[in-house]
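Next come the chains, spelled out residue by residue.
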Amino acid sequence: MINSLLERKIEKRPDKVRLHGRILFLTEDPELIKKQLAGEDLPWDSANPANNPKLRDDISTDEITPAHYCFYFDETLGEIPYLGLKCGSGTPIGRGDVKRGGFVCAVSGKRRGKGSSREQSPYAEMCAGIRVVIAENIERIYKQNCQNLGLLTSTNFSLIDRIRGGEEIALSEFTAGEDEITRQVIEYGGLFPFNVARMQGKVFLPPIEDAGGGARATRAMTLAEKIFARHMINEKGEVGVPSVKPGDTGFARADLRFSHEYVTPMAAIFFERYVGKDAKVNDPSSIIFFRDHLTFLDEVISEEKKKLGLLDLATQLKLKQQDFAAKQGIKLHGELKDRKGSEGICHSIVLESYALPGQLNIGSDSHTPHVGAIGCVAFGIGTTDVFNSWITKDVRVKVPESVRIVVRGKKHPNVTAKDFILKILSLDYVRSGKALAKVMEYAGEAIEELSVDERATMTNMAAEIGGFTGIVAPDKKAVDFLVERRGMNRAKAEAMIKGLYSDPSAQYAHVIELDATDITPMVATPGDPGNGKYVRDLNTPVPIEIAYGGTCTAGKNEDMDMYAAVLADALKRGKHVSDSVKFYIQFGSQETREYCLRKGYLEVFQKSGAHVIEPSCGACINAGPGVSTRPDQVVISAQNRNFPGRSGPGQMYLASPYTVAASAVAGYIVEYEPSEKKELVGA
């Protein structure tokens, strides 16, 4: 605990707020947005919602703050909000428009703030003058980032008339329905002032109590609930409680805390500004930094962006992280010394080298659930949560409900975990936002048959579902992974997974059941990962110019097995990557690169005409080879997101490694048909 914080003066914000300014309706119609930016206020009929213009749904953080502008980590971000907002075929909001417009409130439709955990998005809105965001429903990480910064959020559209009328609004309107801790975070104006008040004993932390004579101690729990119970801090400040249930709130002790160069610098600046230049983080041995996002940025950044100084800013991100790591004694997985590239993507390295069954891990990236593949609870957090965890070693938690997703039966040979998750993303339960902030627990025979690498694809893309995290109960395959990939003693690994399963009578918010035999290779059509359809249902052939295989989702060992199988099969038939296609294969880590060397895959990739790239997030965040450069350019990618503008201006389809590689050879989107298909089916 840092003594100076115990003497810091901390007060709650006023219990009533009056919001002075205009309301920006983020509509589907770009002309209506342009009218608002020009000074016209749109009419809004609260009594008859059908009369109102259609609001944009599914606004991602990529659209609020496009990736390249997240190199800023100061109030310059106030010029940036909604620069990437796609309305119709255009992006109607320019740099500085929102700030000049005098807007105090921004209104949108369903699933606001989906995607990346970047806290730059709500911070940019705040710096532009926005004080409240209203939407039908709001994604968990974005909403928590808003609360942590002091930006008010609501799903109550009746507030629109009251804001316009200049009324005083009780702060309780924005805390209604929130848990006790979140209410106080909002009242104190953000997570840091709340945490200081917490250290000073000024806040109320609701105890997690057994119900009636210790009955809760024997409550049936899901796997995630068991792990939360092990990590929640009780009223004595000790770690662990007998049991938890959905809705319980408190702070959970984190086993691992990690961040990358997109977030570490902003968190470090917050830490130095609010805590102290010479203050030390709590337990640096359990903190890890990564330089994994921007290693190849210089190869794809436009001249226009270079002139804006964005490449120089990206270099400053790297240097700030390096300096803070050295000063604090924190392990940094950085750039390679002998060639361009990084040691690996954070999620890949955390799964390969750090995470253990039963742990609770937090990271500065929405794909932190990746490591749920070996049975730990891992979830993404924003910048303010990151720097607060450096002080307290814990994280604010509201125990989420769980959704059990059961995939039964035996999958087809050309179907992968990516096809399963694209199918799940296309379901109405997910697309309507009902799965938001819930744990996705994957089970069933088809899941049990998946390797840990493939399970990681499922847990990783819980982020696209909008889930709190994804998890698979650890079993013999998890033990084998720890023994073979980590060199762990088998008895030790087996002891770790004991008790890590959901109780038979555990309660779920919802159960989704799928039959693997019904699922054939999938694609998500451009615009959203939820736009899933079967490849065989594409009405006409879709020619492609770029195929990309890589990222945390699809740069693992088994993903490389798939690319190699397709390309080796093509070479046997005298074929190679189509002359009309550039096919990029990017490793998720140096361990995966070494695996490919041992297996002889590099020769297969090169002979077939694929371009091999050292580890980095790269094209997935518009920062490496494989990005599109024209709006009409069609890309097929094994990455996790295809939000507008995320990986360039082109039209991106998402698919499995098999489908991506087969399409690269064909020149258009096709299913992979193994040459041994008949034997496989016969078996």
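Quantities reported herein were computed from a predicted structural model and do not represent experimental measurements.

A. Highlighting the layout of surface pockets. When its volume is computed, the largest pocket comes out at roughly 1100 Å³. What lines the largest pocket is a set of 43 residues, among which Pro644, Gly645, Arg646, Gly648 and Pro649 lie closest to the centre. Within the residue set of the lining of the largest pocket, elements represented by two or more residues are helix H13 (303–307) and strand S24 (651–655). Taken together, the residues of the lining of the largest pocket break down into 15 nonpolar, 18 polar and ten charged. Around the second largest pocket, the lining is made up of 32 residues, and of these Arg140, Lys143, Glu178, Lys398 and Ala437 lie nearest the centre. Only helix H6 (140–149), strand S5 (152–154), helix H8 (172–175), helix H9 (180–187), strand S7 (249–253) and strand S13 (394–398) provide two or more residues apiece to the lining of the second largest pocket. Top element by residues in the lining of the second largest pocket is H6. It accounts for four residues. Of the residues in the lining of the second largest pocket, the class split is eleven nonpolar, twelve polar and nine charged.

B. A look at the sheet that holds strand S17 (residues 510–515). Spatially, four strands are ordered S16-S15-S14-S17 in an open sheet, and the strand pairing comes out parallel. Among the strands making up the open sheet, the edge pair consists of strand S16 (469–472) and S17. Recorded for the sheet is a direction-independent mean angle of 20° between the axes of neighbouring strands. Note that strand S15 (residues 439–443) and S16 share four bridges and pair parallel. Bridging from a neighbouring strand, valine 439 pairs with threonine 469 of S16. Helix H11 (residues 223–231) contacts strand S14 (402–408), S15 and S16 of the sheet and is inclined by roughly 105° relative to S16.

C. Summary view of the side chain of serine 108. Looking at the element boundaries, serine 108 is found in the loop between strand S3 (103–107) and helix H5 (120–127). Look at serine 108 and you get buried, because its relative accessible area is 1%. Those residues in contact with serine 108, other than ones at most four positions away along the chain, are Leu26, Leu55, Arg56, Ile59, Ile134, Ala135, Glu136 and Phe157.

D. Seen up close, empty space enclosed by the protein. Inspection of every chain in the model, using the stated rule, returns seven cavities of 30 Å³ or more. Approximately 230 Å³ is the volume attributed to the largest cavity. What lines the largest cavity is a set of 21 residues, among which Ser116, His293, Asp365, Ile621 and Arg646 lie closest to the centre. The volume enclosed by the second largest cavity comes to roughly 130 Å³.

E. Structural view of the packing of aromatic side chains. By the definition in use, this model includes 22 aromatic pairs. With a centroid separation of 5.9 Å and an interplanar angle of 50°, the aromatic rings of phenylalanine 289 and tryptophan 390 are classed as tilted. Taken together, the residues span a long stretch of sequence, with phenylalanine 289 in strand S9 (residues 287–290) and tryptophan 390 in helix H16 (residues 383–392) at a distance of 101 residues. With respect to class, phenylalanine 289 is no different from tryptophan 390; both count as buried. Ring centres of tyrosine 563 and phenylalanine 583 lie 6.2 Å apart, and the angle between their planes is 75°; on these two criteria the pair is classed as edge-to-face. Taken together, the positions of tyrosine 563 in helix H25 (residues 557–572) and phenylalanine 583 in strand S21 (residues 582–586) put the pair 20 residues apart, joining distant regions of the chain. Taking the relative accessible area as the measure of exposure, phenylalanine 583 reaches 0% and is therefore buried. Put simply, the rings of Tyr123, Phe192, Phe270, Tyr274 and Phe387 touch in pairs and so form one group of aromatic residues. Looking at arginine 140, its charged tip hangs above the ring of phenylalanine 468, at a distance of 4.4 Å from the centre. Positioned above the aromatic ring of phenylalanine 251, the side-chain terminus of arginine 198 is 3.6 Å from the ring centre.

Each value, and the rule that gives it
- Residues numbered from 1 in each chain as written.
- Predicted model: local features only at pLDDT ≥ 70, side-chain atom pairs only at ≥ 80, totals over all residues.
- Heavy atoms only, no water.
- 1 Å grid on protein atoms, 1.4 Å probe; cavity = no way out; pocket = protein on both sides within 12 Å on 5 of 7 lines; lining within 4 Å.
- Points joined across faces, edges and corners; volume = space filled by probe spheres on them.
- Helix = DSSP H or I, 4+ residues; strand = E, 2+ residues; numbered from the N terminus.
- Nonpolar A, V, L, I, M, F, W, Y, C, P; charged D, E, K, R; others polar.
- Pairing = 2+ DSSP bridges.
- Axes fitted to C-alpha atoms, helices over the stretch in contact; angles between N-to-C directions.
- Contact = heavy atoms within 4.5 Å.
- Buried < 20%, exposed > 50% of the residue type's maximum accessible area, 1.4 Å probe, protein only.
- Phe/Tyr/Trp six-rings, centres within 6.5 Å; stacked < 30°, edge-to-face > 60°.
- Lys NZ or Arg CZ within 6 Å of the ring centre and 35° of its normal.

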